[in-house]
Structures are given as C-alpha cells and as structure tokens.
Amino acid sequence: MIFHVLTIFPEFFVGPFAHGVVKRAQDAGRLEIRVHNLRDYVFDRHKTVDDRPFGGGEGMVLKPEPIFLAVESLWPRRTARQKVILLSAQGRLFDQAAANRFAQDDELLLICGRYEGVDERVAEHLADEELSIGNYVLSGGELAAAIVIDATARLLPGVLGNESSAAFESFQETGHGEGLLDCPHWTRPADFRGWKAPEVLLNGNHEEIRRFRRQAAREKTGRLREDMLRGAERGD
Ligand code: 9D3
C-alpha cells in the first residue's frame, strides 16, 4: 500500500519510518511512504501556506488552495480505494477499527494540520475522513500521521512475518476474549530485586496459566481502563 503525507515539515518523517515494522514493511515492498512538501504546491509570489482566520482570532489557518492542488496533482483521477484523511484536533478518534479499514485501501493521503487549523473546505470537500489521535493538544498533525501509518503498516499481509498474529490482534482479541487489555508479562530473572514473577507462570500447567492470565488481564483492565470493562459488559 502507498501512504502519501502532505506536510510543511517533510524532514519530520525521516526518523519515524526508519525503524522496526514500518521499515521492514517498506523493505519487503509491502509499503511505500511518499512525503510531499505542501510548499511545492504554492504558486503565489509570497509562497504562503497560511492566512488569518475570517472573523478574527488567534493564530493562522492553512489555506485550502495548496492542499487541493497537491491532492489533485497526485491523484488526477481519484478512485474509491484512494482515501484522503485530514489529521486535526477536531476529528473523530482514530482507533484499531480505523486502522483495520485503512489496511484494506490501496493508497492513503494524510494531510497534516498545523497552526490553529485547516480551512474547513478541506474537511468538507476534499477529505474522506477527519481524524484525531486522542484528547490532547498537539502542535500539528505530523506525529499523528506517523502513528496512523505505524498502526496500519503492521496489519498489512506479510509485514509481521506471522500472518495469524496480525489477524488475531486486528480483531482486538487479547486471547482472553471480550476486549480486555493484554495480560501482564514477565521474563527472567524470576526474582528481580526481590520482586518475584508469579509462580504459576513457571510451573508449566498451561490450563492454570491461561486462567491466571485471564484474571490478571481483567484485574488490570478494571484498574487502568474502566471504560473498556464497561464496553465489554455492553458487548462492544
Ligand atoms: C484554541 C484551541 N486550539 C489550540 C489549543 C485548538 C488546536 C488547534 C490546532 C489544537 C491542536 C491543533 C494542532 N493539532 C493537530 O493538528 C492534530 C491533533 C491534536 O492536536 N490532537 C490529537 N490529534 C491530532 S491530529 C492533528
């Protein structure tokens, strides 16, 4: 699959895609990431990407023309499997279900918002979806774009090496059913500074281990993610 990123900070993306699963996906030819500089699509004398908001107020707003021009020049004839995603603080929350959907697409173009925001006509008439990665304030959409690409890339067939593991997680299964957090994990040493790994995990009784992990996942979900437990009770 091909990801396009449209940004005023193209150099931002050198680091995030040079490691781990995203690097391997690119090396394996499963994933291509093309970063485009929004300023390459600005043709006015002053090379301005932003302007003051109508109605007044703080900050600047990304102008619509360069963004429309960029998308139209990358995709002169856009198909249904070529999606435009606007990353903004005002978007719907990105989640695992969205990553699963994106992994089915051929080409995705991520527009990184900056400044106070993006002219609303981009959301209304160009983007298929407007997404936020969480309820906190970032200074732009670049980190969000890297996160969307990471979450999607690892779902692509052949990327994790283990086909079934991606499919498994992509249904948001934990192995303990019912949408809980993953169970906690321990490794050697069994005794680290007097803090012991649970004995049950060392005894080789797989049925007992399975029950322990399920209970530990429930306990941890209840403690850290009450919202997920309520979801599990509702069955969603
Ligand atoms: C006055 C309110 N504004 C700033 C405090 C709103 C605002 C404008 C622009 C908040 C954030 C941004 C820039 N953020 C993004 O472009 C962004 C974002 C985010 O802030 N949080 C979570 N996901 C995303 S995706 C893009």
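Criteria and cut-off values
Residues numbered from 1 in each chain as written. Predicted model: local features only at pLDDT ≥ 70, side-chain atom pairs only at ≥ 80, totals over all residues. Heavy atoms only, no water. Buried < 20%, exposed > 50% of the residue type's maximum accessible area, 1.4 Å probe, protein only. Helix = DSSP H or I, 4+ residues; strand = E, 2+ residues; numbered from the N terminus. Contact = heavy atoms within 4.5 Å. Pairing = 2+ DSSP bridges. Right-handed = clockwise from strand over helix to strand, strands pointing away. Salt bridge = Lys/Arg side-chain N within 4 Å of Asp/Glu carboxyl O.

(A) Looking closely at helix α2 (residues 64-74). Taken together, the buried positions of α2 are occupied by P64, P66, I67, F68, A70 and V71. On the buried face of α2, the contacting elements are β1 (2-7), β4 (61-62), β5 (82-93), β6 (107-112), β7 (117-118) and α4 (120-125).

(B) Just the pairing of β5, in detail. Bridge count for β5 against β6 is 6 bridges, and the pairing is parallel. Along β6, the bridge assignment pairs I85 with L110. Handedness of the β5-helix α3 (residues 96-102)-β6 crossover: right-handed. One ladder, built from 5 bridges, connects β5 with strand β8 (residues 129-132); its direction is parallel. By the bridge assignment for β8, L93 is matched with S132.

(C) Representation of the environment of V42. With respect to the helices and strands, V42 occurs in the loop between β2 (32-37) and β3 (50-51). V42 sits in the buried class, given a relative accessible area of 2%. Separated by 11 residues in sequence, V42 and L31 have C-alpha atoms that sit 28 Å apart. Beyond its immediate stretch of four places on either side in the chain, V42 contacts K47, T48, V49 and P66.

(D) Structural context of the pattern of salt bridges. Using the criterion set out here, one finds 15 salt bridges in the structure. Two residues, E129 and R101, come together in a salt bridge whose shortest N-O distance is 2.6 Å. Of this pair, E129 sits in strand β8 while R101 sits in helix α3, and the two are 28 residues apart along the sequence. For E129, a relative accessible area of 15% gives the class buried. One network of salt bridges, with partners in common, ties together E207, R210 and R211.

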